[in-house]
Every structure is written in structure tokens, then in C-alpha cells.
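Spelled out from the first residue to the last, the chains are:
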Amino acid sequence: MSAKVVYIISMNDAATRRSELAQRQSFVAALLADTQTDQLLIFEPPNLSWFAGAPLARGIFHPAEQPLLIVSATQRWVVCGNNDSQRLFDTFVDDLGFQLKEWPWHTGRDKLLADLCDKKKLCCDRHVRDAVSIAERLQRERLTHSPRCQQALRDLGRDVAHALEATGRAAETGDPERELAGQVAHRLAHRGIEAIAIHAAGDDRDASDARPAYTDHKCQRSCTLSAIGRRDGLHVSASRTIWFGFDEEAGTKQREIAGQITAARSAALQPGVAVSAIFNAGQRVAKALNQEYAWRDGPFGYWTGWLPIETLLSPIGAELLATGQTITLTTRVGMASYLDTYLITDAGSERITSDVEGTIRRYRIAGQIIELPDGLRR
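Q: Got a minute to help me understand the sheet that holds strand 17 (residues 376–377) in this structure?
A: Two modes of strand pairing occur in sheets, parallel and antiparallel, and in both the strands are linked by backbone hydrogen bonds. Taken in spatial order, the four strands line up as 7-8-9-17 in an open sheet, and their pairing is mixed. At either end of the open sheet lies a strand with only one pairing partner, and these are strand 7 (194–202) and strand 17. As judged from the eight bridges shared by strand 7 and strand 8 (residues 222–231), these two strands associate in the antiparallel manner. When the sheet's bridge partners are listed, Ala 195 is paired in strand 8 with Gly 229. Against the sheet, helix 7 (residues 147–170) makes contact with strand 8, strand 9 (234–243) and strand 17, and its axis sits at roughly 25° relative to strand 9, the strand it touches most. Lying over the sheet, helix 8 (residues 177–190) contacts strand 7 and strand 8, oriented at roughly 155° with respect to strand 7.

Right, dumping it as C-alpha cells:
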């Protein structure tokens, strides 16, 4: 089976993608009219993935070799090296209305780009010459995902959660952090997911380090695993905690507190709700449990999607959540932590990093039943 067929199966049919592209082209047309420019240049990988609906820069590591897009009010071009053009069209953009401009790999793209942009008024997602910078406007637009991408995020979230949970179910006392991290990476790769980051911390090493690198430390009492996975240009984050017969009173108490704070913030995830209201929902619980200062140890969440972290959530943020956005919530209380990704829906929110075989713990918040992953006991 060719790579092209595999991709189209994973990201739905070309007709749906053409409809998405028409909507994004209309957005660009309005943007060009507003900025009084002729063409939009798209360089940044998350913007390439957003507009094309596919990870065009995947596997191309040198910035000067990465493709770019030129978009006018009615037309769109892929600009790339001759060694990438066939693959990009076969795999990602065939039959989607893109035209091609290519440079010989050995001469570079600068001259071609100069010719294509000559005498044009430009806007760009980077600071380039006299182009109007529209990076922030593109970021705001790409935060809201199409129905097709929402389903892709659900599928990705399920598979990332499964990789963590399955690793936890197979773990044994004394397993090194490196071994457990390797098992997560293997399970992600088996499902076509690129591991952007994997953390493993045994025996509470993460109590003082929010981003612990995995080592050869042998996990005797517990291990917290976390991962950021990317597939088809989209990202989700999740974590799970494994307990090897661990029943220390302080640890279980901290996990219960972290769970209640997370559940309160999860219940507050609704379209039209301000970011500050999400923070405050957790703070009310944290204060009642004498943990009102725990939030100072790290961010309580961030927007995610075409980047692993789009923008951190601010305790005083006035931005409003919208249907189709994805939010990762994170809570740390001492040795206990939660990390999961949520899709904002018309009905509220949906925790997309859940595994059907995973153990859960339920919380009742203002009439809602909130399900969170429970510790995996071995």
C-alpha cells in the first residue's frame, strides 16, 4: 500500500479536505484584503500543517530545505525543492488545488522566491523584508480545529493514552526509567505517532523537577510517565502514574488533592468561558485543601494542536474558549501530577487522552461527573 493511501485513510477523504481548504482560502482572502496585500507567504511548520491539513515539513530538518506556501485570494502554490515535490504531492496534496513551484536542490530557494514575490505586496508569518507580519492572526485562527481534525485529535489522544496505560500495565517493580520510556516510544511508533517528548520519573523524582529526563534509575515504589505525541501534524499530551504496591499516605493524599483540583478545572472547560475562570475554579478547591500556592510550581495548562504548546494559559487570561479548541490541563501537588488533553465541544469538554482499558476515578463537581485516570497499581 502506498504512503498516499495510508495518509488519506488516516485523515479522511479528499473531498472533506478540499472543503476545509476552501474555508481557509476564504480566510486568507479576507486577510489579504484587510492588510491590502497580494499574497500570503507561509513558512512556519505549524501554519503549513494547518493550511494544507497535512505535515508538509515533516522529516525535513534544515530550514532552508523546508517547503513553503504562497496563497493568494484565489490560488495556492507549494514551493519546494525538486527532491521533495513528488513525495509531497503523492503523499499530501494531490487533487487539492495546489500548484507547484520548485527549486533545484543544489541552488536553494532564495532566487525562486525572489522571482515569485517580485513587485508583490506581501504578508507573512515571519518577519521578512517589507512584508506585513500576521503571525498572531494565523495562530488565533489555527487554534480552532475543523471537524476532521477534531476526530484526528480524538484518535491520536486515544492512542497516546493507550501507549502510556499499556506500558503501565506491563511494568514491573525495578524496571529502569529508560526501559519504561522505551516501551512508550515503541507503542507510539507502532501507531504511527512521533514521540515529541517522553518523560519518566521513578520514586517521586518529579516532585522537584517538572521535566525529568529518564535515567537508568530503577523504579521501586512508583513511576510517572508522560508523553507528547504527534501524528498528521497534530499534538496531544498525557501522563500516567504507576504504583508498585505504593501506598504511602502522603503520596495518596497529594494525588487526591491534585485530582480534585484537576476535576474542578475540567468541569469549567466550556465554550465562552475565560481562561481566568478555569484557573479560579481550581483555586477554590486548592484553597479549601490548603494548596492555594501549588499553582506557582508550573503552568496549569496550555492550548495545543498544530504545536505541542501553542500558548500557556494565564491565571489572569481574558481569552475565551471556543468549540473546536484543544486544551491540555496540568496539575502538580508535591509528588502527584495530572496531565491530559481536552477537546472543547458544544456540550462542554471531552477528555480525549483516555484509554478504554484504563482505570478511572470519578469526581462530582457541580452536578457533573468528571472522570480522571487513576493510578495504575502493579
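Additional details are given in the paragraphs that follow.
Q: What exactly am I supposed to notice about the side chain of Thr 91 here?
A: Relative to the elements of secondary structure, Thr 91 occurs in helix 4 (residues 85–93). Residue Thr 91 is classed as buried on the basis of its relative accessible area of 10%. Within the structure, Thr 91 has its side chain in polar contact with the backbone oxygen of Arg 87 (distance 2.9 Å).

Q: It is not clear to me how the packing of aromatic side chains should be interpreted in this structure. Could you clarify?
A: What describes a pair of aromatic rings is the distance from one ring centre to the other and the angle between the planes of the rings. Overall, the coordinates contain five aromatic pairs when judged by the stated rule. Centre to centre, the rings of Phe 27 and Trp 50 are 6.1 Å apart; their planes meet at 90°, and the pair counts as edge-to-face. Pair noted here: Phe 27 is in helix 2 (residues 14–35) and Trp 50 is in helix 3 (residues 45–52), with a separation of 23 residues, a long-range link. Each member of the pair Phe 27 and Trp 50 is classed as buried. Between Phe 51 and Phe 98, the ring centres sit 6.4 Å apart and the planes meet at 80°, which makes this aromatic pair edge-to-face. Of the two residues, Phe 51 sits in helix 3 while Phe 98 sits in the loop between helix 4 and strand 4 (99–103), which places them 47 residues apart along the sequence.

Calculation criteria
Sequence order as written defines the numbering, with residues in each chain counted from 1. Given that this is a predicted model, residues contribute local features only at a pLDDT of at least 70 and side-chain atom pairs are listed and counted only at 80 or more, while totals for whole chains, interfaces and linings are drawn from all residues. With hydrogens and water excluded, all non-hydrogen atoms of the structure serve as input to the side-chain values. Two strands are counted as paired when DSSP detects at least two bridges linking them. Every helix listed is a DSSP run of H or I at least four residues long, and every strand listed is a run of E at least two residues long, numbered separately from the N terminus. The criterion used for residue contact is that any of the two residues' heavy atoms lie within 4.5 Å. Each axis is a line fitted through C-alpha atoms, and for a helix only the stretch in contact is used; angles between axes span 0 to 180 degrees, taken between their N-to-C directions. Exposure classes here rest on a 1.4 Å probe applied to the protein chains alone. A residue is buried below 20% of its type maximum, exposed above 50%, and partly exposed in between. Polar contact is defined as a pair of N or O atoms within 3.5 Å, subject to the rule that within protein one atom must be able to donate a hydrogen and the other to accept it, and that residues adjacent in sequence are counted only when both atoms are side-chain atoms. Aromatic pairs are defined between Phe, Tyr and Trp rings, using the six-membered ring for Trp, whenever the two ring centres lie within 6.5 Å; interplanar angles under 30 degrees are classed as stacked, those over 60 as edge-to-face, and all others as tilted.

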